[in-house]
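Residues per chain are reported as follows:
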Amino acid sequence: RQEGKTRTVKSTYDISVLHMKFKYFVEHTYDPEQRCMVFNLDYDRRSDLDDSVGYWYVMPTGRAASRVYYSCECKLRGWVPGPVYSLMTKE
């Protein structure tokens, strides 16, 4: 879906951590003028995550180089074992 200069894309993610599987649905909104993409859960669908929000930002640093910033906050739904939590939150 495209509104003005922004573009929205919806994606499905299936991940597996140790013996646990998670499926979640994300809505990404890309703004090329701002060189930024923000994302959040697609709240119209039921995900195994309670919430997830974040962004990607690209800052040009030269003719052929850029610095990319990424930030994400995620809230798990319910209890998960410590080792699974550690792997999912690893930087």
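Above this note sits the structure.
Residues numbered from 1 in each chain as written. Predicted model: local features only at pLDDT ≥ 70, side-chain atom pairs only at ≥ 80, totals over all residues. Heavy atoms only, no water.

Trainee: Before we go on, may I ask you to explain the overall build of the protein chain in this structure?
Mentor: Within the protein chain one finds one helix and six strands. Helices and strands in the protein chain line up, N terminus first, as β-β-β-β-β-β-α. Relative to the globule expectation of 12 Å for 91 residues, the C-alpha radius of gyration of the protein chain, 16 Å, shows a markedly less compact shape. The principal-axis extents of the C-alpha atoms in the protein chain amount to approximately 45 × 30 × 15 Å. Expressed as a percentage of the 91 residues in the protein chain, the buried residues total 22%. Accessible area for the protein chain stands at about 6900 Å²; split by element, carbon and sulfur atoms hold 50% of it. Charge separation in the protein chain, taken as the distance between the mean sites of 14 positive and 12 negative side-chain charges, equals 5 Å. (Helix = DSSP H or I, 4+ residues; strand = E, 2+ residues; numbered from the N terminus. Rg over C-alpha atoms; globule rule 2.2 N^0.38 Å. Buried < 20%, exposed > 50% of the residue type's maximum accessible area, 1.4 Å probe, protein only. Areas by Shrake-Rupley, 256 points an atom, 1.4 Å probe, with all protein chains shown as cover. Lys, Arg positive; Asp, Glu negative; His and termini not counted. Charge placed at Lys NZ, Arg CZ, Asp CG, Glu CD.)

Trainee: Can you help me understand the environment of V84 in this one?
Mentor: Residue position: V84 is located in helix α1 (residues 82-88). For the pair V84 and L18, spaced 66 residues apart in sequence, the C-alpha separation works out to 6.5 Å. Residues contacting V84, with those up to four places away along its chain left out, are V17, L18, H19, M20 and F22. (Contact = heavy atoms within 4.5 Å.)

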